[in-house]
Amino acid sequence: MAEEEETTRPEFPITRVKKIMKVDKDINKINSEALHLVTYSSELFLRFLAEKSSVVAAEKKRKTVNLDHLRIAVKRHQPTSDFLLDSLPLPVPSAHPVRVTKTVSERNPPPVGTRRIDAFFSKGKAKVDSP
């Protein structure tokens, strides 16, 4: 009797996972089986983090998961905390959100036809005219 393999498609787009894997300079070719394994393992890992983070959010009686909940979930699971805590952004020191105020130039746009000086410098090195 022949065994029938169940083929399921991963939820993550395979081509995008392949592009992310190709960012590494050491990887030239990617086997399709390896690509599927990496895709499935990424899905499982993110599902695991989402479940653990939602448990922390429920413990804190919150409906939405935020970065602090994710950080606590990672700290509780020791194998992931070794590499993932360094990648997470640092917590905000104050409990209140920081208000960003607009500068005068952002509130009042420049007149039509004028350019800001920071746009000139952000395009790269200025060209020097040689005499």
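Thresholds, definitions, all that
- Once a new chain begins, its residue numbering starts again from 1 and follows that chain's sequence as written.
- In keeping with the predicted nature of the model, local features appear solely for residues at pLDDT of at least 70, side-chain atom pairs appear and are counted solely at 80 or more, and the whole-chain, interface and lining totals rest on all residues.
- Calculated side-chain values reflect all of the structure's heavy atoms, with hydrogen atoms and water omitted.
- The helix and strand labels rest on DSSP assignments: H or I over at least four residues marks a helix, E over at least two residues marks a strand, and numbering proceeds from the N terminus.
- Residue contacts follow a heavy-atom distance rule, with two residues in contact if any of their heavy atoms lie within 4.5 Å.
- To measure how exposed things are, a 1.4 Å probe is used in the Shrake-Rupley method; for residues, cover is taken only from the protein chains shown.
- Values of pLDDT, the confidence the predictor places in each residue, fall between 0 and 100.
- Each helix should span, by expectation, one fewer than its residue count multiplied by 1.5 Å.
- Throughout, exposure labels follow a simple rule: accessible area from a 1.4 Å probe, protein chains only, divided by the maximum for the residue type, with under 20% read as buried, over 50% as exposed, and the rest as partly exposed.
- The charge count treats Lys and Arg as positive and Asp and Glu as negative. His and the chain ends do not count.
- Any carboxyl oxygen of Asp or Glu within 4 Å of a side-chain nitrogen of Lys or Arg constitutes a salt bridge here.
- In this description, a line fitted to the C-alpha atoms serves as the axis of each element, helices being fitted only across the stretch in contact, and the angle between N-to-C directions of two axes falls anywhere from 0 to 180 degrees.
- An angle below 35 degrees is treated as roughly parallel, one above 145 as roughly antiparallel, one from 65 to 115 as roughly perpendicular, and anything else as oblique.
- As a working rule, the residues Ala, Val, Leu, Ile, Met, Phe, Trp, Tyr, Cys and Pro are called nonpolar, Asp, Glu, Lys and Arg charged, and the rest polar, with Gly in that last group.
- In protein, a polar contact means a hydrogen-donor-capable atom and an acceptor-capable atom, both N or O and within 3.5 Å, with residues adjacent in sequence counting only if both atoms are side-chain atoms; elsewhere, any N or O pair within 3.5 Å suffices.

1. Thoughts on the overall build of the protein
- A tally of helices and strands in the protein yields 6 helices and 0 strands.
- Listed by position from the N terminus, the elements making up the protein come as α-α-α-α-α-α.
- Long-range contacts, defined as pairs at least 24 residues apart, comprise 28% of the intrachain contacts of the protein with a sequence gap of at least 6.
- Looking at the protein as shown, the accessible area adds up to about 12,200 Å², and 57% of this sits on carbon and sulfur atoms.

2. As for the confidence of the model for the protein
- Across the protein, the average pLDDT comes to 78, with 67% of residues at 70 or higher.
- For the protein, the element scoring lowest by mean pLDDT is helix α6 (residues 117–122), at 61; helix α2 (residues 32–59) scores highest, at 92.

3. Side note on α2
- For α2, with 28 residues, the first-to-last C-alpha span of 41 Å sits near the 40 Å given by 1.5 Å per residue.
- Looking at α2, one finds that the buried residues are L35, T39, E43, L49, S53, V56 and A57.
- K61 sits one or two positions beyond α2 and adopts a positive phi of about 60°.

4. Regarding unusual backbone geometry
- A positive phi angle is found at K61, which is not glycine, with a value near 60°.
- Considering the arrangement of structural elements, one finds K61 in the loop between α2 and α3 (67–76).

5. Topic: the side chain of R71
- Locating R71 in the fold gives a position in helix α3.
- For R71, which is buried and forms no salt bridge, the nearest opposite charge comes from D68, at a distance of 4.8 Å.
- With residues up to four places along the chain from it excluded, the contact list for R71 reads L85, L88, P89, L90 and P91.

6. Quick look at the packing of helix α1 (residues 14–22) against α2
- Interaxial distance between α1 and α2 falls to 10 Å at its minimum, and their mutual angle equals 100°. Classified by the angle their axes make, α1 and α2 are roughly perpendicular. Facing I14, V17, K18 and M21 of α1, the residues of α2 in contact are L35, H36, V38 and T39.
- Looking at the contact of α1 with α2 residue by residue, the class counts come to 5 nonpolar, 2 polar and 1 charged.

7. Thoughts on the pattern of salt bridges
- For the structure shown, the criterion picks out 2 salt bridges.
- R76 is paired through a salt bridge with E59; the nearest N and O atoms lie 2.8 Å apart. One end of the pair, R76, is in helix α3; the other, E59, is in helix α2, and 17 residues separate them in sequence.

8. Looking at the environment of R76
- Residue class for R76 comes out exposed when judged on its relative accessible area of 53%.
- In this structure, the C-alpha to C-alpha distance between R76 and V56, residues 20 residues apart in sequence, is 10.0 Å.
- Setting aside anything within four residues of it in sequence, one finds R76 in contact with V56 and E59.
- A polar side-chain atom of R76 sits 2.8 Å from a polar atom in the side chain of E59.

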